[in-house]
Amino acid sequence: MARLRTAHLGDQLNSLGEFIAAQRRSAELSLRQLAEQTGISNPYLSQIERGLRKPSAEVLQQLSKALRVSAETLYVRAGILDPEDHPSTTVEMAVLADAGISERQKRVLIEIYTSFIRENERNLADQAAAAPSPSSPSNPPVPDPHH
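Here's what I pulled together on the structure shown here. (Residues numbered from 1 in each chain as written. Predicted model: local features only at pLDDT ≥ 70, side-chain atom pairs only at ≥ 80, totals over all residues. Heavy atoms only, no water.)

Following both chains from N to C, one finds helix 4 (residues 57-67) and helix 5 (residues 71-78) inclined at 135 degrees, their axes separated by 8 Å at the closest point. Accordingly, the angle class assigned to the pair helix 4 and helix 5 is oblique. Once helix 4 is placed against helix 5, the crossing between them reads as right-handed. Contacts between helix 4 and helix 5 involve Ala57, Leu60, Gln61, Leu63 and Ser64 from the former and Ala71, Leu74, Tyr75 and Ala78 from the latter. When the residues that make up the contact of helix 4 with helix 5 are grouped by side-chain class, the tally is 7 nonpolar, 2 polar and no charged. (Axes fitted to C-alpha atoms, helices over the stretch in contact; angles between N-to-C directions. Helix = DSSP H or I, 4+ residues; strand = E, 2+ residues; numbered from the N terminus. Parallel < 35°, antiparallel > 145°, perpendicular 65-115°, else oblique. Left-handed = near helix turned anticlockwise from the far one by under 90°. Contact = heavy atoms within 4.5 Å. Nonpolar A, V, L, I, M, F, W, Y, C, P; charged D, E, K, R; others polar.)

This is how it looks when you write it as structure tokens:
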């Protein structure tokens, strides 16, 4: 587990705050709305976004739920987790973390992606059902006339 390096603490907090602010704007939430959704005070959220405060893991968890971003993403940005140990692993997490698209666009992309996964799973299940099973060979044994 990586520790915050004091020389880079300000940079990490600014980066985290900027990321949180970008995610909030992408979600079309005001600071006050995010504060209400998370139970975190408006002034404290403002200080986090401006890089003046280092939020706890619990606060990051609350923010991750409200912003629909993985807690691990916020932990890595906060310097709590080592990024090499916690790469973004799913398409959903990558879409949710993207500040360049709106919440509606994120939902649509995830719905499309999920439909592709379900379709592929159905196709695999159909192929498995259509394939001959080992217990019922396609060429039944021919009876031995000498037996």
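Next comes the rest of the description.
Turning to a nonpolar patch on the surface, a few remarks are in order. A cluster of nonpolar side chains, contributed by Val108, Ile112 and Phe116, occupies part of the molecular surface with about 250 Å² of accessible area. Assignment of secondary structure puts Ile112 in helix 7 (residues 103-130). On the accessibility criterion, Ile112 (40% relative accessible area) is partly exposed. (Patch = residues over 30% accessible without salt bridge, like charges linked within 9 Å, V, L, I, M, F, W, Y side chains within 5 Å. Areas by Shrake-Rupley, 256 points an atom, 1.4 Å probe, with all protein chains shown as cover. Salt bridge = Lys/Arg side-chain N within 4 Å of Asp/Glu carboxyl O. Buried < 20%, exposed > 50% of the residue type's maximum accessible area, 1.4 Å probe, protein only.)

Under the criterion given, the structure shown has 0 aromatic pairs. When the ring centre of Phe19 is taken as reference, the NZ or CZ atom of Arg77 above it lies at 3.9 Å. (Phe/Tyr/Trp six-rings, centres within 6.5 Å; stacked < 30°, edge-to-face > 60°. Lys NZ or Arg CZ within 6 Å of the ring centre and 35° of its normal.)

Attention now moves to unusual backbone geometry. One non-glycine residue, Glu28, lies in the positive phi region at around 55 degrees. Positive phi is not limited to glycine here, since Arg68 has a value of about 55 degrees. Structurally, the position occupied by Arg68 is in the loop between helix 4 and helix 5.

Of all hydrophobic cores here, the largest spans 23 residues; its most connected members are Ile20, Leu34, Leu45, Leu60, Leu63, Leu67 and Leu74. Counting only elements with at least two residues in this core, the list comes to helix 1 (9-26), helix 2 (31-38), helix 3 (42-49), helix 4 and helix 5. Counting residues per element, this core draws most heavily on helix 4, which supplies 5 residues. Not counting residues within four places of it along the chain, the set of residues in contact with Leu60 comprises Leu16, Ile20, Pro55, Leu74, Tyr75, Ala78 and Ile80. (Core = buried A, V, L, I, M, F, W, Y, C linked by side-chain atoms within 4.5 Å.)

Note on placement: Ser70 falls in the loop between helix 4 and helix 5. A distance of 2.6 Å separates polar atoms of two side chains, one belonging to Ser70 and the other to Thr73. Non-local contacts of Ser70, meaning those with residues more than four positions away in its chain, are made with Ser64 and Met93. (Polar contact = N/O pair within 3.5 Å; in protein donor to acceptor, adjacent residues only side chain to side chain.)

The quantities given are spatial measurements derived from coordinates; they are silent on function.
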